[in-house]
Amino acid sequence: MNAEWHIYFQLRSKYKKDYPGQYDITAAGHLLSTETVEDGVRELEEEIGITAKFPQLKSLGVIPYSIENELIKDNEFANIFVFELVGGFEQFSIQREEVDGMYRAKWEHFMQLAQGEVKEIEVTVFRYENDVKFFEMKNINLKQMSTLPQMYLSELISRLKNFLEAS
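Residue numbers here run from 1 along each chain, matching the order of that chain's written sequence. Thresholds applied to this predicted model are a pLDDT of at least 70 for local features of residues and 80 or more for the giving and counting of side-chain atom pairs; totals over whole chains, interfaces and linings are not thresholded and use all residues. Only hydrogens and water are set aside when side-chain values are computed; all heavy atoms of the structure are taken into account.

> Account for the nonpolar core, with residues named and values stated.
Grouping buried Ala, Val, Leu, Ile, Met, Phe, Trp, Tyr and Cys residues that are joined through side-chain atoms within 4.5 Å yields what is termed a nonpolar core. Only protein chains enter the calculation, and the probe is 1.4 Å; a residue is then buried if its accessible area is under 20% of its type maximum, exposed if over 50%, and partly exposed in between. Formed by 33 residues in total, the largest nonpolar core has its most connected members in Ile 80, Trp 107, Phe 110, Ile 121, Val 123, Tyr 152 and Leu 160. A run of H or I in DSSP becomes a helix once it reaches four residues, and a run of E becomes a strand once it reaches two; helices and strands are each numbered from the N terminus. Residue assignment for this core shows that the elements contributing at least two residues are strand 1 (6-12), strand 3 (58-68), strand 4 (73-82), strand 5 (99-106), helix 2 (107-114), strand 6 (120-129) and helix 3 (150-166). By residue number, the principal contributor to this core is helix 3, which donates 7 residues. Once residues lying within four places of it in the same chain are set aside, the contact partners of Leu 160 are Ile 7, Leu 60, Val 82 and Trp 107. Core analysis: the second largest hydrophobic core is formed by 13 residues, Ile 48, Phe 89, Ile 94 and Met 102 among them. Residue contacts follow a heavy-atom distance rule, with two residues in contact if any of their heavy atoms lie within 4.5 Å.

This is how it looks when you write it as structure tokens:
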């Protein structure tokens, strides 16, 4: 947007079992045993209404990580992809059972937050509250992104930096 890179996050539904109301990666899911990584592209359409073909995604590789706390013990191999969105919030049609809203941050600001250089950043938001869609500017911090372990964020930042420098 305006010659500047941005990154989108979802606000997990307040009705989700794990991490309700937390900020999370744009779209994610688990593959069934009968699915391939290519089949995972369905999550874009299911959760946020973005239709994409697998060749449109740019792979950043796999990030293995673990989450262990009082709520969950989870070991994952996250296949990470970039999809360059043309347009803005109007491109999203969110699945309300999964997602309450979408948040957009300037890439540079998100990188500073993830690396601990700043405590919070301003994001642009569209979200639903009581079935009403509205837009706002808001400040968020890393505690609101507890779904994403610091090791994962550090590796994601490194890979996104390399991707953007090569673009």
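> Lay out the environment of Pro 20 in plain terms, naming residues and giving numbers.
Position of Pro 20 among the secondary structure elements: in the loop between strand 1 and strand 2 (23-25). Given a relative accessible area of 40%, Pro 20 falls into the partly exposed group. With sequence-adjacent residues up to four places away left out, Pro 20 is seen in contact with Arg 12, Ser 13 and Lys 14.

> A description of the packing of helix 2 against helix 3 should follow, citing residues and the corresponding values.
In a packed pair of helices, the relevant descriptors are the angle between the two axes and the axis-to-axis distance. Only the stretch in contact is used when fitting a helix axis, every axis being a line fitted to C-alpha atoms; angles between N-to-C directions are given from 0 to 180 degrees. At a minimum axis distance of 10 Å, the contact between helix 2 and helix 3 shows a crossing angle of 145°. Both helix 2 and helix 3 take part in a crossing whose hand is left-handed. Residue-level contacts link Trp 107, Phe 110, Met 111 and Ala 114 of helix 2 to Gln 150, Leu 153, Ile 157, Leu 160, Lys 161 and Leu 164 of helix 3. In this scheme the crossing of two helices becomes right-handed for a clockwise turn of the near helix relative to the far one and left-handed for an anticlockwise turn of less than a right angle.

> Hey, could you go over the layout of surface pockets for me, with residue numbers and the actual values?
For the second largest pocket, the calculated volume is near 150 Å³. Lining the second largest pocket are Met 1, Asn 2, Glu 4, His 6, Arg 104, Ala 105, Lys 106, His 109, Glu 122, Val 123, Thr 124 and Met 137. Secondary-structure elements contributing two or more residues to the lining of the second largest pocket are strand 5 and strand 6. Under the scheme applied, nonpolar residues are Ala, Val, Leu, Ile, Met, Phe, Trp, Tyr, Cys and Pro; charged residues are Asp, Glu, Lys and Arg; polar residues are all the others, including Gly. Here the lining of the second largest pocket is composed, by residue class, of 4 nonpolar, 4 polar and 4 charged. Throughout, the protein atoms alone are placed on a 1 Å grid, and a set of points is a cavity if a 1.4 Å probe fits but cannot get out or a pocket if it is open with protein on both sides within 12 Å along at least five of seven lines; lining residues have an atom within 4 Å of a point. Grid points are joined across faces, edges and corners, and a volume is the space filled by probe spheres set on the points.

> Help me get a handle on the pairing of strand 3, residues and values and all.
By definition, two strands form a pair when at least two bridges between them are found by DSSP. Relative to strand 4, strand 3 runs antiparallel, the two being bridged by 10 bridges. Within strand 4, the residue paired with Gly 61 across the bridge is Ile 80. Counted along the chain from strand 3 to the antiparallel partner strand 4, the turn is 4 residues long.

> Account for the side chain of Gln 10, with residues named and values stated.
Assignment of secondary structure puts Gln 10 in strand 1. Here Thr 26 takes part through its backbone oxygen, which lies 3.0 Å from a polar atom of the side chain of Gln 10. Polar contacts, as counted here, are pairs of nitrogen or oxygen atoms within 3.5 Å of one another; within protein the pair requires one atom able to donate a hydrogen and one able to accept it, and residues that are adjacent in sequence qualify only if both atoms are side-chain atoms.

> Please give an account of the environment of Leu 44 that cites residues and values.
Locating Leu 44 in the fold gives a position in helix 1 (residues 42-48). A C-alpha to C-alpha distance of 29 Å links Leu 44 and Gly 116, two positions 72 residues apart in sequence. Setting aside anything within four residues of it in sequence, one finds Leu 44 in contact with Ala 27, Gly 49, Ile 50, Ala 52 and Leu 57.

> With reference to specific residues and values, describe the packing of aromatic side chains.
Remark: the centre distance and the inter-plane angle together describe each pair of aromatic rings, the angle taken between the planes. What counts as a ring pair is set by centres within 6.5 Å for rings of Phe, Tyr and Trp (its six-membered ring), and what kind of pair is set by the plane angle: stacked under 30 degrees, edge-to-face over 60, tilted for all other angles. Counting across every chain of the model gives 13 aromatic pairs. Between Phe 89 and Phe 92, the aromatic rings sit 6.5 Å apart at their centres with planes inclined by 50°, giving tilted as the arrangement. Overall, Phe 89 belongs to the buried group, its relative accessible area being 6%. Relative to Phe 110, the ring of Trp 107 has its centre 6.5 Å away and its plane inclined at 45°; by these criteria the two rings are tilted. In this pair, Trp 107 and Phe 110 both sit in helix 2, 3 residues apart, roughly one turn of the helix. Grouping residues by exposure puts Trp 107 and Phe 110 together as buried. We note Lys 133 situated over the ring of Phe 126; from NZ or CZ to the ring centre the distance is 4.5 Å. By definition, being over a ring means that NZ of Lys or CZ of Arg is both within 6 Å of the ring centre and within 35 degrees of the ring normal.

Structural measurements only, silent on function.
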